[in-house]
Amino acid sequence: MDDDDDDIPQLSSHTLAALQEFYLEQQQREGMKTSQGFNQYSIGSIEEDWQLSQFWYSDETASCLANEAVVAAGKGGRIACVSAPSVYQKLKEQDGKDFSVCILEYDRRFSVYGEEFIFYDYNNPLNLPENLLPHSFDIVIADPPYLSEECLQKTAETIKYLTKGKILLCTGAIMEEQAAKHLGVKICKFIPKHSRNLANEFRCYVNYASGLD
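Read on for a plain summary of the structure. No experiment lies behind these values; they were computed from the predicted model shown.

This next bit is on the overall build of the protein chain. On a plain count of helices and strands, the protein chain comes out with 5 helices and 7 strands. Reading the protein chain from its N end, one meets helices and strands in the order α-α-β-α-β-β-β-α-β-α-β-β. Within the protein chain, the fraction of its 213 residues that count as buried is 40%. The long-range fraction of contacts in the protein chain, counting pairs at least 24 apart against all pairs at least 6 apart in sequence, stands at 63%. When the accessible area of the protein chain is evaluated, it comes to approximately 12,200 Å², of which 49% is carbon and sulfur surface.

Another point: the sheet that holds strand 4 (residues 137-142). Pairing within the open sheet is mixed, and its 7 strands lie in the order 3-2-1-4-5-7-6. Looking at which strands have only one partner, the edges of the open sheet turn out to be strand 3 (117-119) and strand 6 (186-187). Relative to strand 4, strand 1 (residues 77-82) runs parallel, the two being bridged by 4 bridges. Within strand 4, the position partnered with Cys-81 by the bridge is Ile-141. Against the sheet, helix 3 (residues 85-93) contacts strand 1, strand 2 (99-105) and strand 4, and its axis sits at roughly 155° relative to strand 2.

Moving on to the nonpolar core. One finds Leu-65, Ile-79, Val-87 and Leu-168 to be the most contacted residues of the largest nonpolar core, which totals 30 residues. When contributions to this core are tallied by element, the ones reaching two or more residues are helix 2 (59-73), strand 1, helix 3, strand 2, strand 4, strand 5 (163-172) and strand 7 (202-206). Per-element tally for this core: the top contributor is helix 2, with 6 residues. The residues touching Val-87, leaving out its near neighbours within four places in the chain, are Tyr-57, Leu-65, Ala-66, Cys-81 and Ile-141. Grouped together as the second largest cluster of nonpolar side chains are 24 residues, Val-82, Tyr-122, Leu-128 and Cys-151 included.

Running from N to C, helix 2 and helix 3 point in directions that differ by 70°, and their axes come no closer than 8 Å. Judged by the angle between their axes, helix 2 and helix 3 are roughly perpendicular. From helix 2, Asp-59, Ala-62, Ser-63, Leu-65, Ala-66 and Val-70 reach across to helix 3, where they touch Ser-86, Val-87, Lys-90 and Leu-91. Residue composition of the contact of helix 2 with helix 3, grouped by class: 6 nonpolar, 2 polar and 2 charged.

Let us look at the environment of Pro-144. With respect to the helices, strands and loops of the structure, Pro-144 is situated in the loop between strand 4 and helix 4 (149-162). Excluding residues within four positions of it along the chain, Pro-144 makes contact with Cys-151, Leu-152, Thr-155, Leu-169, Cys-170 and Thr-171.

Glancing now at the environment of Ile-167. Here Ile-167 shows up in strand 5. C-alpha of Ile-167 to C-alpha of Asn-207: the two residues are 40 residues apart in sequence and 5.9 Å apart in space. Those residues within four positions of Ile-167 in sequence are excluded, and the remaining contacts are Val-140, Ile-159, Leu-183, Val-185, Tyr-205, Val-206, Asn-207 and Tyr-208.

Let us look at the packing of helix 4 against helix 5 (residues 176-183). Packing of helix 4 against helix 5 leaves a shortest axis separation of 10 Å and a crossing angle of 35°. At the point where helix 4 passes helix 5, the crossing takes the right-handed sense. Two secondary-structure elements touch here, helix 4 through Glu-149, Leu-152, Gln-153, Ala-156, Ile-159 and Lys-160 and helix 5 through Gln-178, Ala-179, Lys-181, His-182 and Leu-183. Here the residues of the contact of helix 4 with helix 5 are counted per class, giving 5 nonpolar, 3 polar and 3 charged.

About the cut-offs
Residues numbered from 1 in each chain as written. Predicted model: local features only at pLDDT ≥ 70, side-chain atom pairs only at ≥ 80, totals over all residues. Heavy atoms only, no water. Helix = DSSP H or I, 4+ residues; strand = E, 2+ residues; numbered from the N terminus. Buried < 20%, exposed > 50% of the residue type's maximum accessible area, 1.4 Å probe, protein only. Contact = heavy atoms within 4.5 Å. Areas by Shrake-Rupley, 256 points an atom, 1.4 Å probe, with all protein chains shown as cover. Pairing = 2+ DSSP bridges. Axes fitted to C-alpha atoms, helices over the stretch in contact; angles between N-to-C directions. Core = buried A, V, L, I, M, F, W, Y, C linked by side-chain atoms within 4.5 Å. Parallel < 35°, antiparallel > 145°, perpendicular 65-115°, else oblique. Nonpolar A, V, L, I, M, F, W, Y, C, P; charged D, E, K, R; others polar. Left-handed = near helix turned anticlockwise from the far one by under 90°.

Okay, here's the thing in structure tokens:
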């Protein structure tokens with residue numbers, strides 16, 4: 001038997017360098033997580049899982065949406081983040097005493113946030129804990145994971161169940177007509193950005209007089 005290595009695929013120097021850079025970044029992130037003073041609420045502390053269609057907002061966008069939610073909810077207001085974990089994280093970073101917030105999310109990694117985490121699958125839009133009463137949130141912020149009418153329609157059921165009235169929806173620009181149809185929301189001038197550039201243009205939609213115009 002010939003022990004020739006010629007048939008073994010070899011990585012190019014460029015690919016090797018890219019792999020080394022990836023592993024170095026991963027090690028640095030892990031090092032940050034174990035170092036003193038790590039902020040468990042910082043965006044990226046839980047990494048994106050593309051298989052779950054997760055794409056985090058940029059820090060600036062998450063801050064803008066969080067601030068809008070606080071103003072819209074009012075003093076002592078309740079805020080629900082549906083499939084919008086980076087907005088939840090930014091709200092928690094504010095350490096606000098004048099509002100409360102919970103996160104409805106499919107990804108169980110976010111259960112590290114304790115009682116504020118509520119497991120949520122848009123395929124079962126009203127399969128919610130009994131203590132999550134209807135119309136008990138001053139504003140609901142939602143970012144449906146997929147750009148499909150089915151996903152939007154089912155997420156809309158959850159939103160309408162939870163909100164007292166105010167809705168802040170983030171989804172693709174191509175969903176404008178469906179968003180108006182299912183939630184009665186209108187597009188805002190503010191354009192949300194993600195930490196990684198997405199192929200699809202994203203927009204915000206609201207059903208109240210917001211600060212996003």
